[in-house]
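Each chain, letter by letter, is given below.
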Amino acid sequence: MLAGFAVVSALLAWSRWLGGRRWASLGHLLLALALVATVLAGRPLVGLLETHEVLVPSRPVAELFFERIGPGRYRAALTRLPGGRMQVMDLSGDEWRLELRLLDWSDGAARLGARPRFRIEALASRPAEATAPGLPPGTTADLSGGSAALPRVAALGSGRGPALLETRESSGPWQPMAHGARFEVRLATGGSVEVGPLNAAADGSLAAR
């Protein structure tokens, strides 16, 4: 939108110049340059936001299905919701948890309509405490495609108060893996991770803890 305003302002500057209104033309040209500078400075922030989903409290963000493929080894299928994109990975251990990254806006940005966002970072696994020795250690499967640092524009305002945008990590509780178990993951209002069973196998694994 700002790029569109910059083009309009540049066209107005050109028309004012042709009309002999030099000062008006200069004013529109400066406005166009300021808009272009704003667009260039904001591109990294826009790119970051595009890799994160809007946080809608209590809406499911993922479903996970586990299949045993060997002693202490499972194949996990993670389906992102509501998009439906699936990722499949092999895990070792007996328990799992989902790790997420949250983006929190400053109060001023929130009042203007900015909404918190999240990104699923990783699916981690570990052996249970009572697991016999000799089985493989846990696994952490990267699901984010690489970490992205906050752009400089996100730190605006940090010298006088809260930054425009801040990140924090959130992890779900450790849950048992079981053959055929299906779980649902939600985010609460404050960003805490909630996990619920979706079938009998998941219910049974939780009851057996």
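Worth saying up front: this structure is predicted, and the values here are computed from it rather than measured.

Q: Explain the sheet that holds strand β3 (residues 73-80) to me, please; I cannot follow it from the model alone.
A: Strand pairing within a sheet occurs via backbone hydrogen bonds; the two strands may be parallel or antiparallel. If you walk across this open sheet you meet the five strands as β4-β3-β2-β10-β11, and the pairing is antiparallel. Edge positions in the open sheet fall to β4 (86-92) and β11 (193-197), since each of these has one partner strand only. Averaged over all adjacent pairs, the angle separating strand axes in this sheet is 25°, with direction ignored. Bridge analysis of β3 against β4 gives seven bridges, and the strand direction is antiparallel. In the strand pairing of β4, Arg73 is matched with Ser92. Most of the contacts of helix α4 (residues 200-207) go to strand β10 (residues 182-187), to which it runs at about 80°, and overall it touches β10 and β11.

Q: Is there a simple way to explain the packing of aromatic side chains in this structure?
A: A ring pair, where both rings are aromatic, is described by two values, the distance of the centres and the angle of the planes. Following the criterion strictly, the structure yields three aromatic pairs and no others. Between the aromatic rings of Phe66 and Trp96, the centroid separation amounts to 5.5 Å while the plane-to-plane angle is 40°, which identifies the pairing as tilted. With Phe66 in strand β2 (residues 60-70) and Trp96 in strand β5 (residues 95-105), this pair connects stretches of sequence that are 30 residues apart. Take Phe66 and Trp96: they sit in the same class, and that class is buried. Aromatic pair Trp96 and Phe183: ring centres 5.4 Å apart, planes at 55°, arrangement tilted. Of this pair, Trp96 sits in strand β5 while Phe183 sits in strand β10; the two residues are 87 residues apart in sequence, bridging distant segments of the chain. The pair Trp96 / Phe183 is uniform in exposure class, with both members buried. Grouping aromatic residues by their ring pairs yields a cluster made of Phe66, Trp96 and Phe183.

Q: Help me understand unusual backbone geometry in this model?
A: A negative phi angle is the norm for most residues apart from glycine, just as the trans form is the norm for most peptide bonds. Following Leu81, the chain continues into Pro82 via a peptide bond in cis, with omega recorded as 5°. When you line up the elements, Pro82 lands in the loop between β3 and β4.

Q: Hey, could you run me through the nonpolar core in this one?
A: In a soluble, globular protein the nonpolar side chains are often hidden away together inside. Phe66, Trp96, Leu98 and Leu123 are the most contacted members of the largest nonpolar core, which totals 27 residues. Breaking this core down by element, the ones donating at least two residues are β2, β3, β4, β5, β6 (117-126) and β10. Counting residues in each nonpolar core, the second largest holds six residues, with Leu48, Leu49, Trp105 and Leu165 among its members.

Q: Before we go on, may I ask you to explain the pattern of salt bridges in this structure?
A: Pairs can form between side chains of opposite charge whenever their charged atoms are close. One pass over the structure, following the stated rule, counts seven salt bridges. For Arg182, the salt bridge goes to Glu63, with nearest N and O atoms at 3.8 Å. In this pair, Arg182 is assigned in strand β10 and Glu63 in strand β2, connecting sequence segments 119 residues apart. Given a relative accessible area of 23%, Glu63 falls into the partly exposed group. A salt bridge links Arg119 to Glu121; its shortest N-O distance comes to 2.6 Å. We note that Arg119, like Glu121, is buried.

Q: What am I meant to see in a nonpolar patch on the surface here?
A: A grouping of Trp23, Leu26, Leu29, Leu30 and Leu33 is seen on the molecular surface, where their side chains present a nonpolar patch of about 570 Å² in accessible area. Its place among the elements puts Leu29 in helix α2 (residues 22-50).

Conventions and cut-offs
- Residues numbered from 1 in each chain as written.
- Predicted model: local features only at pLDDT ≥ 70, side-chain atom pairs only at ≥ 80, totals over all residues.
- Heavy atoms only, no water.
- Pairing = 2+ DSSP bridges.
- Helix = DSSP H or I, 4+ residues; strand = E, 2+ residues; numbered from the N terminus.
- Axes fitted to C-alpha atoms, helices over the stretch in contact; angles between N-to-C directions.
- Contact = heavy atoms within 4.5 Å.
- Phe/Tyr/Trp six-rings, centres within 6.5 Å; stacked < 30°, edge-to-face > 60°.
- Buried < 20%, exposed > 50% of the residue type's maximum accessible area, 1.4 Å probe, protein only.
- Core = buried A, V, L, I, M, F, W, Y, C linked by side-chain atoms within 4.5 Å.
- Salt bridge = Lys/Arg side-chain N within 4 Å of Asp/Glu carboxyl O.
- Patch = residues over 30% accessible without salt bridge, like charges linked within 9 Å, V, L, I, M, F, W, Y side chains within 5 Å.
- Areas by Shrake-Rupley, 256 points an atom, 1.4 Å probe, with all protein chains shown as cover.

These results come straight from atomic positions and should not be treated as a statement about function.
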